[in-house]
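# Summary of structural features
Take a look at the letters that make up each chain.
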Amino acid sequence: MDSVIVCVHGRSEQWHLKDQILADFQGGILEGLGRLPAPVAIGRERILLAFYGDLFLPDAVIPPASGGTAGQRWTAAALWPSETSSYRGQPAPSAQQTAQLTAHTAADPLYQINVARAILREASRRGLMGSGSVEGEQAPQAITPHAGGGLVWLHSLLVHILQGLEHILGAPRELLRLFVSDVDLYLHNTALRTQVMGRLLALLRQQAGRSIIVVAHSLGTVVAYDVLNTHREIPITAFITLGSPLGLSPFIYQELLPPVAPGQKHPFPSNVATWQNFYDPNDIVALVPALAPLFPGPPGQAVICTPVQNNPADPHSLTGYLIQQAVAQAINNALLSKTPLPSKLK
């Protein structure tokens, strides 16, 4: 049985071409494998990408399931400023303008506030806050829908907290703000979530009869878990997660699919033979790296969590993860695997 590697990218890739992202995955995987003493040979044609970044573009508007202004939310997700580019020839707005735009068009400003505050608290605990940081300490530790001040106050607070994310050491300027925005949209726009999952599901189903290795990064680990855990008829030889926010509770963990009853844990997907999670201790997106207790499996089956040293200038870097020896070895071991699960693709 031949093997195939199915890759799932992370947040804010709507600005990149599918082939560029695929090339990053292919180059990183092959470079990492090439550094091993006796790597398994695999061609680029067997490293595939489930691309969904285009679904986050402003012209890919999905009508909201129940009210709201989905078109505005899409524009907010897409118009983050860039020092080197702008959208379709239009001048890129300033950081202040886009923070305000996002605040006023967030799918769920309360959600974004609480996720951002969780990230800031953890960054402070790890000693990753730079000088001049803005942490919004005058605000309560968690904001509830009953907090006073109304939407204007909430939007102002969101702008304040999003700006504070820029002061986390090692995180590229836009990464965390984009992450908070895209996670919000993915989890709270049902039509979007269905389309994103559908891209990965269709690609997995096309691999019938092959040994499938899923390599997912960042928000892609959330997408991949949703798909694997809701389509357990698809056998997965190995699930490899990089810089994953899956453990962030309650903001992501409690919203994974399918839903579980309060107090219950999401399972280690029964169709997955092995699951290895890699994280850099300075990667603030991997806020809760110890996934094994959160995703319990049957005896002898648990998430193996391994710290690695990613690029110090960008601890969340995709290629920085892929070229790690431990990550390459995990992929190599999966390619050597001769015992994929017996279930059949449907």
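The following refers to the structure shown. The shown structure was predicted, so the numbers you read here are calculated from the model rather than taken from an experiment. Every chain begins its residue count from 1, and numbering advances along the sequence as written. pLDDT decides what is reported in this predicted model: residues at 70 or higher carry local features, side-chain atom pairs at 80 or more are listed and counted, and totals for whole chains, interfaces and linings draw on all residues regardless. To get the side-chain values, take all heavy atoms of the structure and skip hydrogens and water.

### Structural notes on the packing of aromatic side chains
For Phe, Tyr and Trp, rings pair up if their centres lie within 6.5 Å, where Trp contributes its six-membered ring, and each pair is then called stacked (planes under 30 degrees apart), edge-to-face (over 60) or tilted (otherwise). Inspection of the entire model under this criterion finds seven aromatic pairs. Arranged with centres 6.2 Å apart and planes meeting at 55°, the rings of Y52 and F56 form a pair that is tilted. Of the two residues, Y52 and F56, both sit in the buried class. In textbook terms, an aromatic cluster arises when at least three aromatic residues are bridged by ring pairs, as seen for Y225, F239, Y253, F268, W275 and F295. Burial here depends on accessible area, computed with a 1.4 Å probe over protein chains only, as a share of the maximum for the residue type. Under 20% is buried, over 50% is exposed, and the range in between is partly exposed.

### Looking at the sheet that holds strand β3 (residues 211–217)
Two orientations exist for strands paired in a sheet by backbone hydrogen bonds: parallel and antiparallel. Strands qualify as paired when DSSP identifies two bridges or more between them. The helix and strand labels rest on DSSP assignments: H or I over at least four residues marks a helix, E over at least two residues marks a strand, and numbering proceeds from the N terminus. With parallel pairing, the six strands of this open sheet are ordered in space as β2-β1-β3-β4-β5-β6. Two strands bound the open sheet, and with one partner strand each, they are β2 (47–50) and β6 (304–307). Strand-to-strand twist of the sheet, defined as the mean angle between neighbouring strand axes without regard to direction, takes the value 20°. Pairing between β3 and strand β4 (residues 238–242): five bridges, direction parallel. If you follow V215 over to β4, its bridge partner there is I240. In this description, contact between two residues means that some pair of their heavy atoms is separated by no more than 4.5 Å. Where helices are involved, their axes are fitted lines through C-alpha atoms of the stretch in contact, as for all axes, and angles between N-to-C directions lie from 0 to 180°. Most of the contacts of helix α1 (residues 18–34) go to β2, to which it runs at about 140°, and overall it touches β1 (3–8), β2 and β3.

### Side note on unusual backbone geometry
Note the cis peptide between S249 and P250, where omega equals 5°. Take P250: it is sitting in the loop between β4 and β5 (275–279). With omega at -10°, the peptide bond leading from L257 into P258 counts as cis. Here P258 is to be found in the loop between β4 and β5. A positive phi is found at S218, a non-glycine position, where the angle reads about 60°. Looking at the element boundaries, S218 is found in the loop between β3 and α8 (219–230).

### Considering the pattern of salt bridges
Two side chains with opposite charge may pair up if their charged atoms get near one another. A carboxyl oxygen of Asp or Glu within 4 Å of a side-chain nitrogen of Lys or Arg is what we treat as a salt bridge. By the definition in use, this model includes five salt bridges. Across the pair R199 and D54 runs a salt bridge whose closest N-O atoms are separated by 2.8 Å. Of the two residues, R199 is situated in helix α7 (residues 190–205) and D54 in the loop between β2 and α2 (70–78); the sequence distance between them amounts to 145 residues. Judged by relative accessible area, R199 falls into the partly exposed class, the value being 31%. When the shortest N-O distance is used, the salt bridge between R193 and D226 registers 2.8 Å. Remark: D226 occurs in helix α8 and R193 occurs in helix α7; sequence separation between them is 33 residues. Across this residue pair, the class does not change: R193 and D226 are buried.

### A short note on the side chain of R46
Of note, R46 is situated in the loop between α1 and β2. No salt bridge is formed by the buried R46. Its closest oppositely charged neighbour is D2, at 4.8 Å. In contact with R46, other than residues within four places in its own chain, are D2, S3, V4, I5, A41 and R210. Counting rule for charge: Lys and Arg are taken as positive, Asp and Glu as negative, and neither His nor the chain ends is counted.

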